[in-house]
Amino acid sequence: MMFIYITFDSNGFITDYKKVKTDGYTKVFVLDSWINQFAQYPDKFRYDATNQKLLNPGNLPSVSLNQVSTDVTTLQTQLQSLQSTGTQTDSQLGALVSNISVVQGQILGELQNIQTQLNASEKATAVPAANTTNSPA
């Protein structure tokens, strides 16, 4: 249970608060379960002047701003790491493509050499066609 001192605008929204009694501020009770939310989002709470009580908007984020900030920083670090890894992977892929091109060129060259050797071998072993005329027996 905690009492605080607040100022509020014409719509009842809190404009300032103090923990100690201050002239021009209204004394209000803050539920223990609301203290953390009030400390983070005091301008979201309203003061009901008719019933003289503080009203919780009921739709405040469940995660603290500090936690969101920490999560964003963590995600930025992970993103930078992924970008770095992506850059390294791009370089490695470029080198791999270059190596594949070199090997492909070597294979094509060897295939041409083999084709040339086969053609030369076929010419060397070619036998002239035999005479097909029949001689009398």
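Model, not experiment: these values are computed from the prediction. (Residues numbered from 1 in each chain as written. Predicted model: local features only at pLDDT ≥ 70, side-chain atom pairs only at ≥ 80, totals over all residues. Heavy atoms only, no water.)

Q: Explain the side chain of Asp48 here, please?
A: Considering the arrangement of structural elements, one finds Asp48 in strand 4 (residues 46-48). Within the buried core, Asp48 has no salt-bridge partner, and the shortest N-O distance to an opposite charge, that of Lys53, equals 5.8 Å. Only 2.8 Å separates the side chain of Asp48 from the side chain of Asn51, close enough to count as a polar contact. When sequence neighbours within four positions are dropped, the list of residues in contact with Asp48 reads Lys53 and Leu55. (Helix = DSSP H or I, 4+ residues; strand = E, 2+ residues; numbered from the N terminus. Buried < 20%, exposed > 50% of the residue type's maximum accessible area, 1.4 Å probe, protein only. Lys, Arg positive; Asp, Glu negative; His and termini not counted. Salt bridge = Lys/Arg side-chain N within 4 Å of Asp/Glu carboxyl O. Polar contact = N/O pair within 3.5 Å; in protein donor to acceptor, adjacent residues only side chain to side chain. Contact = heavy atoms within 4.5 Å.)

Q: Help me understand the pattern of salt bridges in this model?
A: Any two side chains of opposite charge can pair, given that their charged atoms come close. Counted under the stated rule, the structure contains one salt bridge. In this structure, Asp16 engages Lys18 in a salt bridge whose closest nitrogen and oxygen atoms are separated by 3.9 Å. Given a relative accessible area of 33%, Lys18 falls into the partly exposed group.

Q: Looking at this model, I keep getting lost on the nonpolar core. Mind explaining?
A: Nonpolar side chains tend to gather and get buried jointly when the protein is soluble and globular. Ile4, Ile6, Ile14, Val28, Val30, Trp34, Phe38, Tyr41, Phe45, Tyr47, Leu54 and Leu60 together form the largest nonpolar core, which totals 12 residues. For this core, the elements supplying multiple residues, two or more each, are strand 1 (2-8) and strand 3 (26-30). Sequence-distant contacts of Ile4, defined by excluding residues within four places in its chain, comprise Tyr17, Lys18, Thr26, Lys27, Val28, Val30 and Phe38. (Core = buried A, V, L, I, M, F, W, Y, C linked by side-chain atoms within 4.5 Å.)

Q: Got a minute to help me understand unusual backbone geometry in this structure?
A: Most peptide bonds adopt trans geometry, and most residues besides glycine take a negative phi value. A positive phi angle is found at Gln52, which is not glycine, with a value near 50°. Its location among the elements puts Gln52 in the loop between strand 4 and strand 5 (53-55). For Gln52, a relative accessible area of 60% gives the class exposed.

Q: In this structure, what is going on with a nonpolar patch on the surface? I would like to understand it.
A: A cluster of nonpolar side chains, namely Val103, Ile107, Leu108, Leu111, Ile114 and Leu118, defines an oily patch on the protein surface of about 540 Å² accessible area. In this fold, Val103 is placed in helix 2 (residues 65-124). (Patch = residues over 30% accessible without salt bridge, like charges linked within 9 Å, V, L, I, M, F, W, Y side chains within 5 Å. Areas by Shrake-Rupley, 256 points an atom, 1.4 Å probe, with all protein chains shown as cover.)

Q: It is not clear to me how the sheet that holds strand 2 (residues 14-18) should be interpreted in this structure. Could you clarify?
A: Hydrogen bonds between backbone groups are what pair the strands of a sheet, and the pairing can be parallel or antiparallel. Here three strands make up an open sheet; going across it, the order is 2-1-3 and the pairing antiparallel. Taken across any chain shown, the strands that pair with only one partner, and hence form the sheet edges, are strand 2 and strand 3. Averaged over all adjacent pairs, the angle separating strand axes in this sheet is 45°, with direction ignored. Where strand 1 meets strand 3, five bridges bridge the pair, whose relative direction is antiparallel. Across the sheet, the residue bridging to Ile4 is Val28, located in strand 3. (Pairing = 2+ DSSP bridges. Axes fitted to C-alpha atoms, helices over the stretch in contact; angles between N-to-C directions.)

Q: Could you clarify how one ought to interpret the confidence of the model for the protein chain in this entry?
A: Per-residue pLDDT for the protein chain averages 85, and the proportion of residues at 70 or more is 91%. Across the protein chain, the element-wise mean pLDDT spans from 85 in helix 2 up to 96 in strand 2. (pLDDT = per-residue confidence, 0-100.)

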